[in-house]
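Secondary and tertiary structure notes
Letter by letter, the chains look like this.
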Amino acid sequence: MATRTLGRAAKALLAPALALGATVGLASAPAQAAVWSSCEQYGNTSLNGYTLYNNIWGSGAGSQCIWANSGTNWGVWANHPNTGGIKSYPNAKKVINKSITSLGSLSSGYNVTVPSSGAYNTSYDIWDTAYKYEVMLWVNKTGAVGPLGTSQGTLTLGGHTWTVYKGNNGSNDVFSFVRTSNSSSGTVDVLPILKWIKDTKGWFGNVTIGDLQFGFEITSSSGGLDFATNSLSVNSS
């Protein structure tokens with residue numbers, strides 16, 4: 001079962017940059033030279049409105065390097081041991097900073113290339129500005145991974161069918177929507193999901209949505225595996 005950590009990406013900028021020395025991972029970047037790359041534990045940069053994080057936050061982690069051609073075209077090479085527990089969540093973050101009722105729309109498109117082995121999920125991680133509530137949208141998963149909490153049943157919303165889980169990690173509530181079949185590309189209408197949590201279930205009120213992150217939550221990738229976000233878009237009004 002996944003263990004969540006409060007604001008782990010938010011804490012990345014405050015953490016020391018610890019070089020992991022796995023420069024071999026940069027060989028997995030595209031043939032053209034990447035605009036930016038890093039093998040540091042909390043390596044990060046901002047590109048065209050998105051903030052990219054290498055974000056190796058879990059215990060027992062191995063090596064990982066991130067590369068980016070832009071904020072919406074990026075990837076990682078990761079070599080984490082075949083042990084339990086989340087090792088990293090490399091991601092691209094877009095700041096929304098609007099309350100749910102003030103949002104007219106919030107949607108995202110994704111296209112990824114992910115390995116057939118290892119243990120990981122490809123997910124959105126959406127936070128309110130107070131980091132009290134976390135909404136995860138898993139669009140694919142492989143290996144021995146699972147969401148926090150207990151199943152609340154199945155729901156079709158935002159263009160996908162999900163199994164919904166509700167839990168708490170001791171620091172914040174976590175609402176996970178796990179797609180019932182794996183997807184490597186598509187569009188998610190995020191706002192109806194947030195409104196369903198707020199209005200139908202009453203699990204939170206009119207919170208202000210802060211960070212909308214998209215990335216790969218990696219538990220194991222022994223031997224070195226490649227994960228790529230070929231394209232990403234986040235649109236709000």
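Quick look at the structure, then. (Residues numbered from 1 in each chain as written. Predicted model: local features only at pLDDT ≥ 70, side-chain atom pairs only at ≥ 80, totals over all residues. Heavy atoms only, no water.)

Pairing of strand E7 (residues 106–113) with strand E15 (residues 225–236) involves 8 bridges; the strand directions are antiparallel. Along E15, the bridge assignment pairs Ser108 with Val234. Examined bridge by bridge, E7 and strand E13 (residues 185–189) share 5 bridges and lie antiparallel to one another. By the bridge assignment, Gly109 is partnered in E13 with Thr187. (Pairing = 2+ DSSP bridges. Helix = DSSP H or I, 4+ residues; strand = E, 2+ residues; numbered from the N terminus.)

As a further point, take the sheet that holds strand E9 (residues 133–142). Taken in spatial order, the 9 strands line up as E2-E3-E6-E14-E8-E9-E12-E11-E10 in an open sheet, and their pairing is mixed. The open sheet has two free edges, formed respectively by strand E2 (44–47) and strand E10 (150–157), since each of these has just one partner strand. In this sheet, adjacent strand axes meet at a mean angle of 25° when their direction is disregarded. Judged from the 7 bridges that link them, strand E6 (residues 91–99) and strand E14 (residues 208–220) form a sheet pairing that is antiparallel. Within the sheet, the bridge partner assigned to Lys93 lies in E14 and is Gln213. (Axes fitted to C-alpha atoms, helices over the stretch in contact; angles between N-to-C directions.)

This part covers the environment of Trp67. Turning to its location among the elements, Trp67 is positioned in strand E4 (residues 63–70). In this structure, the C-alpha to C-alpha distance between Trp67 and Trp77, residues 10 residues apart in sequence, is 8.6 Å.

Quick look at the state of the cysteines now. Per the counting criterion, the structure on display carries 1 disulfide. The partner cysteine of Cys39 in its disulfide is Cys65, sulfur to sulfur 2.0 Å. Taking the sign of the S-S torsion, 105° for the link of Cys39 and Cys65, the bridge is right-handed. Highlighted residues: Cys39 in the loop between strand E1 (36–38) and E2 and Cys65 in strand E4, separated in sequence by 26 residues. Judged by its relative accessible area of 12%, Cys39 falls in the buried class. (Disulfide = S-S within 2.5 Å. Buried < 20%, exposed > 50% of the residue type's maximum accessible area, 1.4 Å probe, protein only.)

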